[in-house]
Structures are given as structure tokens and as C-alpha cells.
Amino acid sequence: MAQLKRTPLYEEHHAAKAKLIDFGGWEMPVQYAGVIEEHNTVRTKAGLFDVSHMGEVDVKGQEALPFVQHLITNDVTKIQDGQILYSPMCYPDGGIVDDLLVYRYGTDHFYIVVNASNTDKDYAWMAEQAHGYDVQLDNISEQVAQLALQGPFAEKILQKLTSTDLSGIKYYWFKHGEVNGIPSLISRTGYTGEDGFEIYLPPDKAPELWRKILETGAPEGIEPIGLGARDTLRFEAKLPLYGNELGPDISPLEAGIGFFVKLTKDEFIGKDALKAQKEKGVSRKLVGLEMIERGIARSHYPIQKDGEEVGIITSGSFSPTLNKNIALGLIRADLAEIGSTLDVIIRGKAVKAQIIPTPFYKRERTN
Amino acid sequence: MNPTNLKYTKTHEWVKVDGNIVTLGITNHAQESLGDVVFVELPEEGTTVTAGEPYGTVESVKAVSDIISAVNGKVVEFNEAILDAPDVLNSDPYGEGWLIKVEADDLSELDNLLSAAEYEGLLEEEH
């Protein structure tokens, strides 16, 4: 077996007796106290995640802006310097290479954050697309650690450690500042459905900041959170996960993230295919499901209607916030009507589920 | 600790013998490995169970796990309360967290199961 990669916080996880698993080649904490407790801590207080496994690619050069416009489906001219854009990155056929965040420093500099397990694939894809553009790409993933501080008390806790005015960083904006004296990129983003921050910093400083944030947030009830709760949190908020809701054989229009595909742009990879798909109408749609009979739908379980296979579960779990068994499924578009019932095939048995509105969970916005 | 009046399987289930009625459950180690249990599926009364074969399912937030029978026999009772309160499997795996009671075909089958001390030895080996 290949040696698993470790983040700079491995020793912290090990000392905290986290349960560690192989996550896309990384030895990562799946849980500390327990998935449900951790999930509820993030929804009601604050949680700290090690997401140092994420990939970062720096894009610099005269033609950085037209290159990024070509690369992604969303429109980076619609945001300002200091702002962040979520976007799919597609193949010419409209399938998804990855979903990512683009940090805009200026027309000549962008910082792209990609999924950990896709980093090498994405970087190779970007480098290939960069031919003919005056840009320089750098995969700086190993020079960057990332902590995510998420939950209603995130701002209160982080503000104690920085002189940067956090109330001045709006959702999907970023600033550079010192956190506990460590030069960091502070980004108001996250993958939980809660308010919060993602902090990018040098790997050698990550353990001390990890400990400091946990210590500072102790009065607010902060806890370290594993990937198990990260998944249930993002799932309740219907934030798609590459490999589940997104993949090379699924288009963003099918996955319900068509809002991030700007067909008004002159040109981008996948535009023709996605435009044609939009005009023709998608054949599959991502829907929310609630189990009405006993059972938990899991990723890849088949979905049937009247005994005929009509789709597949992309994610499914017990929902700690709603105390229900819910799922996301990619099904035939003509059946994607809220209120109608379908069967999920669980260990050979048809178990009834109903299509319900999504997201399953939405926080009350205060900022 | 694992009660000494029970017998154990290598697949982390426990067995309690009471006459020819055998109660089955999962061990503390099993519930710890699973994490928060959120769903349990059990066979109804009258269902035949087979030694070494799955008779039900336990699911945590992240994992789906078969539960293996240690005996051949017929289910005479299943723990209905646990279907609505699966977290009891985490809090009391050897008590309220029992799963099914089976009328065993042949109790001598149980002779091959592990004692508490042998089971703990196995856990140490696996560790």
C-alpha cells in the first residue's frame, strides 16, 4: 500500500485520539468525539477543521484573466479584486473536471483552490489549457495549510486572534492579515452551510494556530471536527461533493449548479455542450429525497419508479439537524417533481422515498 | 469490559445462552468502531437465521455493517425498541442494546465461540 500523505496537523489529530482514515490518499481525521456531536457543535457553536489536504494553484501573468475565463464556467469579470467565485471547471463535453474557488487578486493574479484528491489531475488539466496564454501556473498545495473555522461563533472566536476587522469581510470575500501573529489569508467561506472562515497559512505555523484557536474558542464550546461531520454538514446544505454529485459524466446543469454556468460569456471550455444541453433541456436532475419507509439511502443505491431504474443516489445519510434519513439523487428529469414518490433499492429491497425541496438545511443569515 | 458470562465471535458479536434460547448482540468494540448508530434492521419472529450468515444490518452515520449470526435457529423475539432508539447500541451494547433472541437448533455449536478473555486477546491482536 502506498504511504498515506499527512497534513502538518497529523500529530494534533493523533494526540486528540481522532479516528483516522484513508481519504483520497490522505490520512485524515474522520471523527473526534463522534459525527453527530461534532455536526451539532458546528450548527450551534463553532468547529475547527483541518482541510490542509485541499489543493492550491496560483495563476499569474498578463493573461491570467482571459485564461481563467476560458478555464471555468462562471464569470470572473463579475467579481472584484478581493472577492471569491465558486465555479465548476468542465471538459469540452460539459462533464465536470472539478469544482473550485477562485480568489481574485487582480486581472493578472488568481488563486484557485481545488479538491484534495483532484489536485494533480486539475493541475495537469489547467497546465494543458494554459498553452497559448501568457500565464504561469504554480501548484503550491504543499506550501499551504488550511484551517476552516465554522459555525455561528466563528467570527467572535477568530476576532480575538486578529486585528483585521472580520465584520468587514463579507461572505465570499478575503483579506490578508495576521492571525495570532501568523501572516494568513482570511477567507469568509466554508463547506458547512454555516457562517465561518477558511484560513490559509504556512504549514509550519499550522499546529500552533490550530491549538490557539481551540484554546481561544473553548469558552464558546469550540471542538475539532472530522471529515465525517464535514460531509453531513455540507450534505444538509446541498453543497455538492466531487465524486458524488459531481463528476466527469455529470454536467453542472444536471447537478443543480447551473447558476454557476454563465452562457453569456464569450467562450469557455464546455460552453457549446452546455448551451446545447440547456436549450434541449437536461435529461437528469438532482433532487432531494426523504425516506418515508425505514432505511438509509447511500451513494450509488439505485432509484426505481414502478420497478424501472430511473436514477441513482449520489449522497445519503441520517441528517443530525433534521433527525430524518435524507438523500440526494440524480434521476430522470421528467420524474423530478416535488412530492412524488420513488423507490430506493436498499440491499435488494424497494424502500419508499419522497422528493422534497432542497437545501435540506439553510441557516438564518445575519451577515 | 466485556462481560464474562457471554460468549463472543471473531466478527464482534456476543452471545448469551439461557436454556435453548440464545440472545445475540454486538460488542462494545463493534459499536465503538461503527460510531453513532442511526439505523438498525432486524429479522422478525419466525425468521430462520444461519450461523456465519448476516441476519441484520447496523448503520452508523458513515458506515453500513452486517450483523452475523453465531447460531442456527429461529428468531423468537427481536428488540423492537431499538429500531426507534438505535443509539442505545452505543450506550448499552450488552444490555438494552441486545438485538435478537433465537431458539437454537443445536447448542453444541456454541462451543467454538470465544470466552471474554479469548475475545480480549483477539482485540489486542487486531490492535
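The structure presented is a predicted model; accordingly, all values stated were derived computationally and were not measured.

A. Main features of the environment of A:Leu137. All names here are of chain A. Here Leu137 lies in strand 8 (residues 136-139). In sequence terms Leu137 and Phe110 are 27 residues apart; their C-alpha atoms lie 9.8 Å from each other. Dropping the residues within four chain positions of it, Leu137 is found in contact with Val57, Val59, Met126, Ala127 and Ala130.

B. Just the confidence of the model for chain B, in detail. With 100% of its residues at a pLDDT of 70 or more, chain B has an overall mean of 95. With a pTM of 0.95, the predicted complex shows an ipTM of 0.90.

C. View of unusual backbone geometry. All names here are of chain A. Here the bond from Thr358 into Pro359 is cis, since omega is -5 degrees, no more than 30 degrees from zero. By the secondary structure assignment, Pro359 is in the segment after strand 19 (349-356). At Asp306, a residue that is not glycine, the phi angle is positive and equals roughly 50 degrees. Here Asp306 shows up in the loop between strand 15 (302-305) and strand 16 (308-319). The backbone of Asn323 sits at a positive phi, close to 55 degrees, despite the residue not being glycine. As for its position among the elements, Asn323 is in the loop between strand 16 and strand 17 (324-332).

D. Helix 4 (residues 119-129) of chain A, seen in detail. Residues and elements named next belong to chain A. Listing the buried residues of helix 4 in full gives Thr119, Asp122 and Met126. An end-on view of helix 4 places all buried positions within 70 degrees of arc, on one side of the element. Exposed and facing more than 90 degrees away from the buried side of helix 4 are Ala124 and Glu128. The elements touched by buried residues of helix 4 are strand 4 (55-60), helix 3 (64-71), strand 6 (96-106), strand 7 (109-114) and strand 8.

E. Looking closely at the sheet that holds strand 5 (residues 48-49) of chain B. Residue and element names in this part refer to chain B. Strand order in the open sheet formed by 6 strands is 1-2-3-9-8-5, and the pairing between neighbours is antiparallel. Either end of the sheet is taken by a strand with one partner, and the two such strands are strand 1 (7-8) and strand 5. Pairing of strand 5 with strand 8 (residues 73-78) involves 2 bridges; the strand directions are antiparallel. Each bridged residue has a counterpart across the sheet, and for Thr48 the counterpart in strand 8 is Lys74.

Cut-offs applied
Residues numbered from 1 in each chain as written. Chains lettered and ligands numbered in written order. Predicted model: local features only at pLDDT ≥ 70, side-chain atom pairs only at ≥ 80, totals over all residues. Helix = DSSP H or I, 4+ residues; strand = E, 2+ residues; numbered from the N terminus. Contact = placed C-beta atoms within 7 Å. pLDDT = per-residue confidence, 0-100. Buried ≥ 20, exposed ≤ 12 C-beta atoms within 10 Å, placed from the backbone. Arc of directions from axis to C-beta. Pairing = 2+ DSSP bridges.

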